[in-house]
Amino acid sequence: MSKRLAHVLSLTGLMLLASASVRCVSVSPGVAVELIFAAPPHYEPEGPVVSSAAAFLVAATLVPCEEAPRASWRSFGIVVAHAHTDSTSARTWLGGQRVDAMSAAGTPLGLLSPPARSYCELEVTFAPDETAETDPREDPMVGRSLGVEGSYENADGSITAFAVRTSRERVELIPFDAPLVLDDARDLARITVSFDAAAWAENMNFEAASASERRAALLDELHAYLAATVEMREQER
Amino acid sequence: MHRAVFIISAALAVFVAAVLPFAGRARACATCAVGDPTLNVMGVEQPFAGRTRIATEVRHFSETSGVQGETSVASSEQRLSLSLSHSPTPRLTLALRVPLVLRHLAFENLATETVVGPGDATVRARYVLYRDRTFAPSRLIWAHLGLEMPTAPIRQGPGGPLSLERQLGTGSWDTSMAIGGSYFANPYSVHGSALLFLPTRGTADSRVGTHLRTTLVGQLQPWSFLGFRLGLDARFEAATVENGAEDPSSGGIVGYITGGLIGSPATDIVTWLNFTMPVIQALNGEQSEGWQLVLGAALDV
């Protein structure tokens, strides 16, 4: 082997070593949204006593403002179709999580890394847990999407227990008080979803309604008692 | 842009460092040894026994994939390669290419990621199957066999290896086969080749799509020190498989127009600047390719 070739080979060896030793990574996390399901901030039950309120949440999707339906449509009860639960979307949480609507600490759902833009609504989907293997006699929420239990006082002063549970799927759009604007890579938002079961129970005429009417009311009136509270933070670099 | 400046500076520094040890004792006129004054980029040179070439090349490349406004990822890459080739016989050329890769990713949620590190090194053998005469051939037909090795470190995340787009290499042993030919009629020359790239399974249960790359480039060299290149490239690629499923935004057909300059500032030094623009993009799903810029230099030692 000539001296020249030996020199080239040694140079290449040095380059290989130098190349292998170089490694550098720089990461900026970008905007993020933390989702949590918790009791309403001021949970002060009056009237009927709600002992438990639970739901099975299967998806939550941030709806961009430009996709959000006009408020007037909703006020007339018109359902507007959405491309919801898009499994490839970074603005969708797909889980399957039983949530306790009365837990002050809340149930953390997960962290989304949605595209940077403005969001006006959160679309949530409640549906029965089809993977649950627990005996429904042990856990009445098995196979249910929503459930509220408690007791109310009758006109004669007696106490009657109630349990309203439904197995039907429900998709709800929860508007934010103000658009959630995510336009800075350091933006971190926390969205707390809540269902005010006590307020629903307070407005429910248990004595007059049959079991099926109570179930229908739970679904039909759900929208009025759902809320999504947004808090903005800034991520530390 | 600062990244491009950085990597071009690095390329020049590497080239100067590679050339300096040989300054003043370079072989006298490699083109004279083959009997043809055509300037050739690395990889399509005319071999002769004992020909050794060292080259450095920096390549800029950009692409986006995924649904715009939802899941798209924009990536740009600057790849600095050091190559060494040696022809032990008049027909056989063995070559090694070692890349250093700088990759920048920008996600829809404004997250960014910049990674610098070694890429996958390639070894290849090129054999001249036919030439019309030994000295100053005007027609060459050659075959190539290559192996891309998983020399890039595998980047790990909390749940295992990161996705393929966040890696600097494929993590797989990938073979390539090509057949090509060259026609030399000073001041004109034409090069054409078809390369079949056959990847195997690599990082994160992924496999880059099998692809066929074809190229046809004409070169006009009115002066001994400067030539112009213009050509057409195409790539036909199958979809990439990640985690056992095909990535819907991968694979397809791309047609490119390519052109550039090739020059020789000094004896046995060849430099080239090449620009490639995708003009036909029949790609699967949501993806698009940007332009490529290549700056290279080679030295016969």
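Definitions and cut-offs
Residues numbered from 1 in each chain as written. Chains lettered and ligands numbered in written order. Predicted model: local features only at pLDDT ≥ 70, side-chain atom pairs only at ≥ 80, totals over all residues. Heavy atoms only, no water. Helix = DSSP H or I, 4+ residues; strand = E, 2+ residues; numbered from the N terminus. Buried < 20%, exposed > 50% of the residue type's maximum accessible area, 1.4 Å probe, protein only. Contact = heavy atoms within 4.5 Å. Areas by Shrake-Rupley, 256 points an atom, 1.4 Å probe, with all protein chains shown as cover. Disulfide = S-S within 2.5 Å. Polar contact = N/O pair within 3.5 Å; in protein donor to acceptor, adjacent residues only side chain to side chain. Pairing = 2+ DSSP bridges. Axes fitted to C-alpha atoms, helices over the stretch in contact; angles between N-to-C directions. Phe/Tyr/Trp six-rings, centres within 6.5 Å; stacked < 30°, edge-to-face > 60°. Lys NZ or Arg CZ within 6 Å of the ring centre and 35° of its normal. Core = buried A, V, L, I, M, F, W, Y, C linked by side-chain atoms within 4.5 Å. pLDDT = per-residue confidence, 0-100.

Student: Break down the overall build of chain A for me, citing the residues and quoting the values.
Tutor: Scanning chain A from N- to C-terminus turns up five helices and 11 strands. Considering chain A as a whole, with its 237 residues, one finds that 43% of them fall into the buried category. Sequence separation of at least 24 residues holds for 80% of the intrachain contacts in chain A that already meet a minimum separation of 6. Just so you have it, chain A exposes about 12,400 Å², and 51% of that area is on carbon and sulfur atoms.

Student: Which residues make up the state of the cysteines, and what values do they have?
Tutor: Residue and element names in this part refer to chain A. The full count for this structure, using the stated rule, is one disulfide over all chains. Each sulfur in the disulfide pair cysteine 65 and cysteine 120 lies 2.1 Å from the other. Looking along the S-S bond of the cysteine 65-cysteine 120 disulfide, the torsion reads about 95 degrees, which is the right-handed sense. With cysteine 65 in the loop between β3 (49-64) and α2 (71-75) and cysteine 120 in strand β6 (residues 118-126), this residue pair connects regions lying 55 residues apart in the sequence.

Student: Could you give an account of the side chain of B:Thr258, with specific residues and numbers?
Tutor: Residues and elements named next belong to chain B. Position of threonine 258 among the secondary structure elements: in strand β15 (residues 252-266). Within polar-contact distance, the side chain of threonine 258 engages the side chain of asparagine 274 at 2.8 Å. Residues contacting threonine 258, with those up to four places away along its chain left out, are Val217, Arg229, Leu230, Gly231, Leu232, Asp233, Asn274, Phe275 and Thr276.

Student: So what about the pairing of strand β12 (residues 226-237) of chain B? Which residues, and what values?
Tutor: For a regular strand, the rule is simple: side chains alternate between the two faces of the sheet. Residue and element names in this part refer to chain B. Relative to β12, strand β11 (residues 211-223) runs antiparallel, the two sharing 11 bridges. Its bridge partner lying in β12, histidine 211 is registered against glutamate 237. Here β11 folds back onto β12 in antiparallel fashion, the turn holding two residues. Of the strand pairs in this sheet, β12 and β15 are connected by 12 bridges, and their pairing is antiparallel. If you follow glycine 231 over to β15, its bridge partner there is threonine 258.

Student: Can you lay out the sheet that holds strand β11 (residues 226-234) of chain A for me, pointing to particular residues and giving the numbers?
Tutor: All names here are of chain A. Across the sheet, which stays open at both edges, the four strands sit in the order β5-β2-β10-β11 with mixed pairing between neighbours. Pairing within the sheet leaves two strands with one partner each, and these edge strands are β5 (107-112) and β11. With direction set aside, neighbouring strand axes in the sheet form an average angle of 20 degrees. Judged from the five bridges that link them, strand β2 (residues 32-37) and β5 form a sheet pairing that is antiparallel. Looking across to β5, one finds that leucine 35 is bridged to glycine 110.

Student: Would you mind going over the packing of aromatic side chains in detail, with residue names and values included?
Tutor: Under the definition given, this model contains seven aromatic pairs over all chains. Among the aromatic residues, ring-to-ring pairing joins A:Tyr152, A:Phe162, A:Trp200 and A:Phe206 into one connected group. For B:Arg126, the ring lying beneath its charged end belongs to B:Trp142, and the centroid distance is 5.4 Å.

Student: Summarise the nonpolar core; cite the residues concerned and give the values.
Tutor: A:Ile191, A:Phe195 and A:Trp200 are the most contacted members of the largest nonpolar core, which has 46 residues in total. Counting residues per element, this core draws most heavily on β3(A), which supplies six residues. Leaving out residues up to four positions away in the same chain, A:Trp200 has contacts with A:Val148, A:Val164, A:Phe206, A:Arg214, A:Ala217, A:Leu218, A:Glu221 and A:Tyr225. One finds B:Leu39, B:Ala55, B:Ile262 and B:Trp272 within the second-largest nonpolar core, a separate group that totals 10 residues.

Student: Would you mind going over the environment of B:Ala152 in detail, with residue names and values included?
Tutor: All names here are of chain B. Among the structural elements, alanine 152 can be located in the loop between β6 (139-148) and β7 (156-157). Looking at alanine 152, the relative accessible area reads 6%, which means it is buried. For alanine 152 and glycine 117, which are 35 residues apart along the polypeptide, the C-alpha to C-alpha distance reads 7.3 Å. Those residues in contact with alanine 152 that lie beyond four places of it in its chain are Pro118, Gly119, Asp120, Leu168 and Gly169.

Student: Please set out unusual backbone geometry residue by residue, giving values where relevant.
Tutor: Residues and elements named next belong to chain B. Look at the link from asparagine 186 to proline 187: it is a cis peptide, with omega at 15 degrees. Structurally, proline 187 is set in the loop between β9 (174-185) and β10 (188-198). A positive phi angle, close to 50 degrees, is found at asparagine 243, a residue other than glycine. With respect to the secondary-structure elements, asparagine 243 resides in the loop between β13 (241-242) and β14 (245-246). A positive phi angle, near 70 degrees, is found at aspartate 268, a position not held by glycine. Relative to the assigned elements, aspartate 268 resides in the loop between β15 and β16 (269-283).

Student: Lay out the side chain of B:Asn274 in plain terms, naming residues and giving numbers.
Tutor: Along the chain, B:Asn274 falls in strand β16. Once you skip the residues sitting within four places of it in the chain, B:Asn274 turns out to touch B:Arg229, B:Thr258, B:Gly259, B:Gly260, B:Gln292, B:Leu293 and B:Val294.

Student: Kindly report on the environment of A:Leu226, identifying the contributing residues and their values.
Tutor: All names here are of chain A. Its place among the elements puts leucine 226 in strand β11. Looking at leucine 226, the relative accessible area reads 8%, which means it is buried. Sequence separation between leucine 226 and phenylalanine 195 is 31 residues; the distance between their C-alpha atoms is 4.6 Å. When neighbours within four sequence positions are excluded, leucine 226 is seen to be in contact with Val124, Phe126, Glu172, Ile174, Ser194 and Phe195.

Student: I'd like to hear about the confidence of the model for chain B, residue by residue, with values.
Tutor: Detailed conclusions should not be drawn from predicted coordinates in areas where pLDDT is low. Predicted confidence across chain B gives a mean pLDDT of 88, with 91% of residues reaching 70 or more. Contacts from residues 23-27 of chain B, a stretch scored under 50 in pLDDT, to residues over four places away or in other chains number 10 contacts.

Student: Tell me about the environment of A:Leu173, and name the residues and values.
Tutor: Residues and elements named next belong to chain A. In this structure, leucine 173 sits in strand β9 (residues 170-181). Relative accessible area serves as the criterion here: at 12%, leucine 173 is assigned to the buried category. A sequence separation of 112 residues divides leucine 173 from threonine 61, and the C-alpha atoms of the two residues are 9.3 Å apart.

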